[in-house]
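This is what each chain is made of:
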Amino acid sequence: MYPDYLSESLQAVERTRPGRLELAMSGQPVYPPMNADERKDVLSKYHPDFTPGAKRPVRVGPNRGEDITTEVADILEAHSMIEPKLMDIHLREPDYETDLLIIGGGGAGCWAAITAARNGMKSLIATKLRMGDANTMMSEGGMQAAVSPTDSPTRHYLDAIGGGHFENKPELVRVLTEDAPEVVRELENLGVIWDKMGDGSMQVLHGGGTSRKRMVSCRDYIGAIIMRTLMDEVKNHPDMISLREFEPAVELILDDKGRCAGAVLYDLDTEQFLTVRAKATIISTGGFGRLHIRGFATTNHYGATGDGLVMAYRAGANLKFMDSVQYHPTGAVFPEQIAGFLITEKIRGAGGQPLNKFGELFVWPREPRDVESAAIIRECSSDRNNGVDTFAGRSGVWLDSPLIDMIHGAGYTRHQFPGMCRQFDRFGIDIVKQPMLVYPSLHYQNGGIEINERCETSIPGLFVAGEASGGVHGRNRLMGNSVLDYNVFGRRAGRHASEYAKSATLGRLNVDHVRTHAEELVREGIDTDLVSPLILPSYTPEDVKIQQLARLGNVPARHSMLRSRFTPGERKTHL
Amino acid sequence: MESDNRPRQEEGKRQEEGKRQRVRANMVNVFIMGKRHVVPEHATIMRAIEYAGHQIIRGAGCREGFCGACGTLYRLPGDYKLHTGLACTTLVKEGMSLTQIPAVPMEKAIYDVEKLRPDVNTILEVYPVAARCVACNTCSKACPQQLQVMDYVQAGLRGDIALVADLSFDCVACGLCALRCPAEIIPHEIGILSKRLFGRHLRKESRELDERIREVRAGKFDAEYDELMVMGKDSLNKLYYGRDMEP
């Protein structure tokens, strides 16, 4: 239930609704889309990437001297969790041996394991929490795939590269868009239930930045459906795929020729460090939302701390586009308990409109994400002051969902958005009748470890797929292209890593690069108490943290999480 | 003894008052695995556990109600019922006594979806335990998604795979139904099997999708791709901003 103080603004939304509905039904854009100059203007003035302090030059590693998102630069310049000389015996006698080591059990990792099994290669999935505890699980709206007769893969290419401001790596965008129809079929063959029309054709909707209806969906549970299907399939191959849960990787292992040869895992239950020798290694660790960049709340899962970036970077892999961050235009603002939670873009794809406190449109609802987010931030900024303020100290704009049933017919919202309805029903808000209050929320790591179309990195034997990779989305990803990304590149990583592993030989295993990194920190005069990968964020109140850190001597590694400086903004002000 | 305790109690009250001021919220007492903690009243169970100082390792995943990692059992004062909920989306209440379930012991059947047939008996063949259902509806009452779990288990017994798929669509596989089931059925695994069977064998085929896959394989778009991939930023810019929009 909305509190009384919001009723005046809610009434304004209702007052303007008939006129906005009429406009929506006319088939014309409900608000003028921005041209190139307008996009540039709003981004440079209001996007969080361009606020002072958002980036700084990184002082160590392959991208030394380049501007990188500050919170990322901080974890790249942090200490390793391991003492290399204590690892020697375990490098000689590894705890696990496998063809492929897959780090991260989300969508990309599961696809890689399934594809490897089909190619006759055994894999070990090592993951931080449970298999499927990943951003994959949480995607709601849909996946882009040019399957409609009005559309084409090349049209998809143009939309994606335009959304990324023409900086995406062309060969990556090509395979992303070209593999998409086959991915739809492959997922269906594994048992994913797509939303379909009566004749069996795929239901397609618009998303931000699409010029053709291209969003295929599973109600608003696409991630949960795909992830559980892939997990079930992984578990159906116990002879080919082994699984280690609650054992995140913390450092890569190289051999004496500089090839990737596995990783050091850290058992979260027993706090042991374990070693894996693998002919090829795939990083599918996902993104970094839990770094709470610029103090933003996030839509991401608990373990999204950018571990893959840290490991690969220390081992010498190059990063790409790590100066840009994606803020999803519509994270929840009210009620406070779900602040930052994802409100799917499919709401706008189905006709939902963002409105200011006067119930007025101020941006075309389907701009690319960075532009849409910046426009919402502008509306709420002191320059315009058109945001709706909550007593919890947040500001947001309305997302008018009642329009959806008016456009598509009664019952459409409840059938197509069961997850969204449930999220708000809990708090007595019926989104079929009332709008949601939203503000941008930290959502996606646009850049990452640079790959080519075979998912190879600058380190032989190291492959990367999914959100951890960089290049495919440029500096801005479009809606539905990340679901597509982990499907396309997860399969590719599995295939190409299998090919590589078939003929790979390994020399002597070492973690000398960890020692080199430590020396580099000293040489650059970097003084930090931060240990990375962070593994998990800490949401312990500061005073409790201080009491926990009073322990004398050898602080157990788990407490590296406690040392996390990235106390999220949400904690500082409210619980 | 009483007099010895009093200063500590006073101190405890002062600390609670301090916490209340810090978060500017009313505080409630909750019992986390039996131990009392004072937490803000508008906290979810998950945030209350963290507020108390725990680093959750098992029992948190997506934190938004999709992954089912945070199944929790709790009781409330003056209420005989053993409640179930997801820690990430359930609010604390005064006097709540709770414990998270770190993992639910589970056995998943091994099968090949490609080789299974979507027959009336398939579900019973893969999960014979389903036949033990006594229709007590405890599973539905335990479901944090408010799904009609018993209805889909019963639909499974009748071999109505499409109905199981539909009714179990929003399942987050937290396993709370399986823990509460007196017949020891694993409903959510039946749901996953049925959804896969439906998607694989009972779907309506999309001819457009077949056609598009054929076109890609035949190289229909190769020339256009080759052209786009070498195009300079200016030409791409012109093409992009000039493109037409499907209404």
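Right above here is the structure, for reference.
Residues numbered from 1 in each chain as written. Chains lettered and ligands numbered in written order. Predicted model: local features only at pLDDT ≥ 70, side-chain atom pairs only at ≥ 80, totals over all residues.

### A few points about the overall build of chain A
Helix and strand counts for chain A stand at 20 helices and 20 strands. Relative to a compact globule of 575 residues, whose C-alpha radius of gyration would be 25 Å, chain A shows 23 Å and is just as compact. Here the C-alpha coordinates of chain A stretch approximately 70 × 55 × 40 Å along the principal axes. Within the span of chain A, comprising 575 residues, buried residues form 62% of the whole. Of the contacts made within chain A by residues no fewer than 6 positions apart, 76% connect residues no fewer than 24 positions apart. (Helix = DSSP H or I, 4+ residues; strand = E, 2+ residues; numbered from the N terminus. Rg over C-alpha atoms; globule rule 2.2 N^0.38 Å. Buried ≥ 20, exposed ≤ 12 C-beta atoms within 10 Å, placed from the backbone. Contact = placed C-beta atoms within 7 Å.)

### A few points about the interface of chain B and chain A
Contacts between chain B and chain A engage 66 residues on the former and 76 residues on the latter. Looking at the side of chain B that touches chain A, the elements with two or more residues in it are helix H2 (45-51), helix H8 (187-202), helix H9 (207-217), helix H10 (222-230) and helix H11 (233-241) of chain B. Among the elements that line the side of chain B that touches chain A, the one with the most residues is H8(B), at seven residues. By residue class, the composition of the side of chain B that touches chain A is 35 nonpolar, eleven polar and 20 charged. (Nonpolar A, V, L, I, M, F, W, Y, C, P; charged D, E, K, R; others polar.)

### Topic: the packing of helix H5 (residues 107-118) of chain A against helix H16 (residues 481-503) of chain A
All names here are of chain A. At a minimum axis distance of 7 Å, the contact between H5 and H16 shows a crossing angle of 40 degrees. With respect to each other, H5 and H16 are oriented oblique. As for the relative orientation of H5 and H16, their crossing is right-handed in sense. Judged by residue contacts, Gly107, Ala108, Gly109, Trp111, Ala112, Ala113, Ile114, Thr115 and Ala116 of H5 engage Tyr486, Asn487, Phe489, Gly490, Arg491, Ala493, Gly494, Arg495, Ala497 and Ser498 from H16. Residues of the contact of H5 with H16, tallied by class, amount to ten nonpolar, seven polar and two charged. (Axes fitted to C-alpha atoms, helices over the stretch in contact; angles between N-to-C directions. Parallel < 35°, antiparallel > 145°, perpendicular 65-115°, else oblique. Left-handed = near helix turned anticlockwise from the far one by under 90°.)

### Some remarks on the nonpolar core
Residue and element names in this part refer to chain A. Leu100, Ala112, Ala113, Ile282, Ala312, Ala465 and Ala497 are the most contacted members of the largest nonpolar core, which totals 222 residues. At nine residues, the largest contribution of residues to this core is made by H16. In contact with alanine 497, other than residues within four places in its own chain, are Leu100, Ala112, Ala116, Ala280, Ile282 and Phe463. (Core = buried A, V, L, I, M, F, W, Y, C linked by C-beta atoms within 7 Å.)

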